[in-house]
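The primary structure of each chain is shown beneath.
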Amino acid sequence: MKNILLLIILVSGLDATAQKITISGYVKDASSKEVLIGATVVNANTKTGTSTNQYGYFSLTVNTADTTELIVSYQGYVLQAKKIVAKENIQLDVLMESSTTSLLGEVVVRADRNDRNVQKAQMGVIDVPIKAIKNFPVLMGERDVMKIIQLLPGVQAGQEGTAGFYVRGGNLDQNLVQLDEATVYNPNHLFGLFSTFNVNSINHVQLIKGGFPAEYGGRLSSILNITMKEGNKNKYQTEGGIGLLSTNLTFQGPIQKSKSSFIVSARKSYINLLLKPATSKSTNYSFYDLNAKMNYELGRKDHLYFSFFKGNDNAGYTGASSLNYKTDFGNTTGTLRWNHLFGSKIFSNTSLIYNDYHLGLGTTQNNYYEVLYTGIKDLNAKTDFTFTPNNKHKIKAGLSYINHTLYPASVSSKVPSRGNQITVNKDSVAKRRSNEFAFYLNDEYDISKMLSLNYGVRVPVFTGDGTTYSGIEPRVTTKISLNATTSVKASWTLMNQFLHSVPNSTASLPTDIWLSSSNIIKPQKSSQIALGLFKNFADNGIEASAEAYYKTMDNQVLFKEGSQIVVSTNLDSILTFGKGKSYGIELFVKKNVGTLTGWISYTLSKITQQFPELNRGTEFPASFDRRHNFSLVGTYELSKRWTFSADFVFYTGRAFTLPAGRITVPVNGSLYDGTYYDFTSRNNARLRSYHRLDVSFSNKRTVKFWGKKYEREWVFGAYNLYSRLNPYFVYLTTNPDTKQPEAKQVSLLPFIPSVSFNFKF
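Attention here is on the structure that accompanies the text. Since the structure is predicted, the reported quantities are computational estimates derived from the model, not experimental observations.

1. Brief notes about the overall build of the protein
A tally of helices and strands in the protein yields 6 helices and 48 strands. Intrachain contacts of the protein at a sequence separation of at least 6 include 65% that bridge at least 24 residues. Surface summary for the protein: the accessible area is close to 32,700 Å², and the carbon and sulfur share equals 58%.

2. Concerning unusual backbone geometry
Phi angles above zero are rare outside glycine, and E181 is one such case at about 75°. Looking at the element boundaries, E181 is found in the loop between β11 (175–179) and β12 (182–183). Of note, N615 is a non-glycine position whose phi angle comes to about 55°, a positive value. Inspection of the secondary structure puts N615 in the loop between β36 (596–610) and β37 (620–621).

3. Thoughts on a nonpolar patch on the surface
The grouping of L244, L596, Y636, L638, W642, F697, W714, F716 and V755 at the surface amounts to a nonpolar patch, some 780 Å² of accessible area in total. Inspection of the secondary structure puts W642 in strand β39 (residues 642–651).

4. A look at the sheet that holds strand β5 (residues 68–73)
To summarise the sheet geometry, strands pair through backbone hydrogen bonds and adopt either a parallel or an antiparallel arrangement. With antiparallel pairing, 4 strands are arranged side by side in an open sheet as β3-β2-β5-β6. Two strands lie at the open edges of the sheet, namely β3 (48–51) and β6 (80–84), each paired on one side alone. The average angle at which neighbouring strand axes cross in this sheet is 20°, direction not considered.

5. As for the nonpolar core
Grouped together as the largest cluster of nonpolar side chains are 63 residues, with contacts concentrated most on I149, V205 and L224. If one sorts the elements of this core by residue count, helix α5 (residues 145–149) sits on top with 4 residues. Here L224 is in contact with M146, I149, F165, L176, V177, Q178, V205, Q206 and L207, once residues within four sequence places are set aside.

6. Brief notes about the packing of aromatic side chains
Per the counting criterion, the structure on display carries 25 aromatic pairs. Judged by centre distance (4.8 Å) and plane angle (45°), the ring pair of F644 and F697 falls under tilted. Taken together, the positions of F644 in strand β39 and F697 in strand β44 (residues 690–705) put the pair 53 residues apart, joining distant regions of the chain. Cluster of aromatic residues (ring-pair linked, three or more members): Y26, Y55, Y57, Y305 and F347. Note that K489 overlies the ring of F534, its terminal NZ or CZ placed 4.4 Å from the centroid. Stacked on the ring of F537, the Lys or Arg K535 has its end atom at 5.6 Å from the ring centre.

7. Here's the deal with the pairing of strand β1 (residues 20–29)
For β1, a buried count of 9 out of 10 residues is recorded, marking the element as mostly surrounded by other parts of the structure. Pairing of β1 with strand β4 (residues 57–63), which is carried by 7 bridges, proceeds in the antiparallel orientation. Along β4, the bridge assignment pairs T22 with T61. Here β1 runs beside strand β7 (residues 90–96); their pairing, made up of 7 bridges, is parallel. Its bridge partner being in β7, I23 is matched across the sheet by I90.

8. Quick look at the side chain of S526
Residue placement: S526 occurs in strand β33 (residues 524–537). If we ignore the near neighbours within four places in the chain, the residues touching S526 are L220, T493, L494, M495, T552 and M553.

9. A look at the environment of K560
Residue position: K560 is located in the loop between β34 (542–559) and β35 (575–591). Aside from chain neighbours lying at most four places away, what touches K560 is S573, I574, L575, T576 and E613.

10. Topic: the pairing of β44
Strand residues, when the strand is regular, have side chains that alternate between the two faces of the sheet. One ladder, built from 10 bridges, connects β39 with β44; its direction is antiparallel. Opposite V649, over in β44, you have R692 as the bridge partner. In the sheet, β44 pairs with strand β45 (residues 708–719) via 11 bridges, with the strands oriented antiparallel. For S698, the partnering residue across the bridge sits in β45 and is V715. Two successive antiparallel strands, β44 and β45, enclose a turn made up of 2 residues, where W706 displays a positive phi of approximately 55°.

11. So, the environment of T405
In this structure, T405 sits in strand β25 (residues 393–414). Judged by its relative accessible area of 6%, T405 is buried. Excluding residues that lie within four positions of it along the chain, T405 makes contacts with G375, I376, K377, K431, R432 and R433. Within the structure, the side chain of T405 is placed 3.3 Å from the side chain of R433, a separation counted as a polar contact.

12. A look at the environment of E586
Relative to the elements of secondary structure, E586 occurs in strand β35. Exposure remark for E586: the relative accessible area of 3% places this residue in the buried category. As for E586 and T603, which are separated by 17 residues in sequence, their C-alpha atoms are 4.5 Å apart. Excluding residues that lie within four positions of it along the chain, E586 makes contacts with P153, G154, R168, K209, S545, A546, E547, Y549, Y602 and T603. Among the polar contacts listed, one links the side chain of E586 to the side chain of R168, at a separation of 2.8 Å.

13. Quick look at the sheet that holds β4
Judged by pairing direction, the sheet is mixed, and its 3 strands sit side by side in the order β4-β1-β7 without closing on themselves. At either margin of the open sheet sits one strand with a lone partner, and together these are β4 and β7. Strand-to-strand twist of the sheet, defined as the mean angle between neighbouring strand axes without regard to direction, takes the value 30°.

14. Quick notes on the pattern of salt bridges
Applying the stated criterion across every chain, the model contains 23 salt bridges. Residues K120 and E444 are paired through a salt bridge, measuring 3.9 Å at the closest nitrogen-oxygen approach. Of this pair, K120 sits in the loop between α3 (116–119) and β8 (125–128) while E444 sits in strand β26 (residues 432–446); the two residues are 324 residues apart in sequence, bridging distant segments of the chain. Residue classification places K120 among the partly exposed positions, given a relative accessible area of 21%. Of the charged contacts, one joins K396 and E215 as a salt bridge, the two residues approaching to 3.3 Å between their closest N and O atoms. On the criterion of sequence distance, the pair formed by K396 in strand β25 and E215 in the loop between β15 (202–208) and β16 (222–228) is long-range, its members being 181 residues apart.

Parameters and conventions
Residues numbered from 1 in each chain as written. Predicted model: local features only at pLDDT ≥ 70, side-chain atom pairs only at ≥ 80, totals over all residues. Heavy atoms only, no water. Helix = DSSP H or I, 4+ residues; strand = E, 2+ residues; numbered from the N terminus. Contact = heavy atoms within 4.5 Å. Areas by Shrake-Rupley, 256 points an atom, 1.4 Å probe, with all protein chains shown as cover. Patch = residues over 30% accessible without salt bridge, like charges linked within 9 Å, V, L, I, M, F, W, Y side chains within 5 Å. Salt bridge = Lys/Arg side-chain N within 4 Å of Asp/Glu carboxyl O. Pairing = 2+ DSSP bridges. Axes fitted to C-alpha atoms, helices over the stretch in contact; angles between N-to-C directions. Core = buried A, V, L, I, M, F, W, Y, C linked by side-chain atoms within 4.5 Å. Buried < 20%, exposed > 50% of the residue type's maximum accessible area, 1.4 Å probe, protein only. Phe/Tyr/Trp six-rings, centres within 6.5 Å; stacked < 30°, edge-to-face > 60°. Lys NZ or Arg CZ within 6 Å of the ring centre and 35° of its normal. Polar contact = N/O pair within 3.5 Å; in protein donor to acceptor, adjacent residues only side chain to side chain.

Scope: geometric values only; no functional claims are made or implied.
Here it is in structure tokens:
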């Protein structure tokens, strides 16, 4: 720690003998003035460079010279070469022109080809192109960020059709999903069939699954950063789409031209209109989401942003002598941010963030019912500083404070013969309050062209339920360049997690209850090491990598087997705690340029868990353990108007538990209709392997309507083209003829065609 503090004092004096100036500013889209995140800025004289941060800002120190040539590149944009003559620090905005054709000239092609994946001391980080998301084959016309994430190496998909994902052996709750820095606890619509993010409102998507920079904490497995667009600062623009399940509309434009802008994006379903003619049961489902953002440039040194998001789902089902349920869940977030420049070398961001998540569920099946409510309210204040003393160091430091208020409650019981069922009033649920503080310090240090380090430390402190937990989380990633296109990287990270989502298996519909750490529930902890080889081909047009990792996880949380929850139950007292580990190899090849783009991903992994009170204390496969996971994704530009996209996935079936026998009880059975099953081992069987092919064709044209030009797009797609009956779950029953027990597979999504219409003007 002392060495890191000493580094901050010393680095500002490095290279003091040479006369230097700092060139800083923003890289933006020339048409909309939208900032470009992750654009590369290189000093052509020295071949040293940097990249823009999540606000599009860069700072580059150069030697004083008669002429400095900057090369600025960003995927999908024309290369910018700027010659600068200056004797003192300057600020400038670089405006990038979008590539509008596929038959690109050599200069344009090179604009797509940076080598950050090889040269940066960074592992397990993947930037997801928005263009890939928009061209990706869709399910029922719904473009989806999460479906793309599931096709990346090290990422396991959830159940058939769901948007949930597991990263390197971690559970769903171990992924931190952020929208403009605000946590989204349940980023799903339609029970997870689609994500809750409207693609038209998104600027940038980044997944971090290892080698975490010190600025991130509170989760063990991954960080999914989603940044909203700021809005067009030059002109008003409207775009939208009509699919089979919903319609969406986005409106953006300047508040004060070139200085401030706004964007509003909304989506609303009309599933009920489709369900009512197709079913005699009483079924209803609706969802909506709303994104809004405003930004204002107070001057060259100050910038204000305000972001708002709200999404909600409401569903109900009533069947005769069957499963009945009613549920309501959603997220509301708000983020107020202030960017300030202290000179040309220090960039700061201060944020105030509000989050409100809730899930209410009531189910009845046969003679049993369950009522559940879980909610989280967060108030978060944070400030971050980025100090760039020279091109060898990028130092980040920050503080954050989060106030958590959790509302966990669940009741399961037999339907009373007299009287009413017990209900849960969210206002009367006992609140669990806690506080989470954190300080971090991180340095990206380019020691030489061959060797780079990214190292730091995060110190979290958690207080709640009369208990305090703290820790030191060191992180280090090192990069050794073998040549200009090849490098070897290694990383080690320690992480803590203070909030836990515990699977509630007693509910007829699987849901999770969020609990905070206490004197009984210890913080989850993980240690992850990784080693990787990174190689680029064809002038950086093709990226390839092979990463191996080993990860241990302590203080994993589950409910004890056979737990019965009533109103007076202390949820902490019916939990069991264990550990997990995962290890694997990830192979990834990605083609970024040309008429054919896409990637191939393969993961070989093993995930196990061990709980002293489960499975007789012996190790067992995690339910989301899949040995093989293969994805093939491609987009081919057939012409200026037609684009073809396809993806193929294959993975090993997930683990589940089959009983060794059964016992019939003549009276007063249970939820299981008088039959008890004898379970000898946990997750002792596997579903059949899963595979699926999706395809889509899109046709884009610029046409005239009422004398004005607008862009329109038709998208024709097919989900599960060859209608593979993939397993969703297996249930146990008795053959009415032989009276023998049987396990039957339920499949969810067969071949599903889709068509959607999108427009922009």
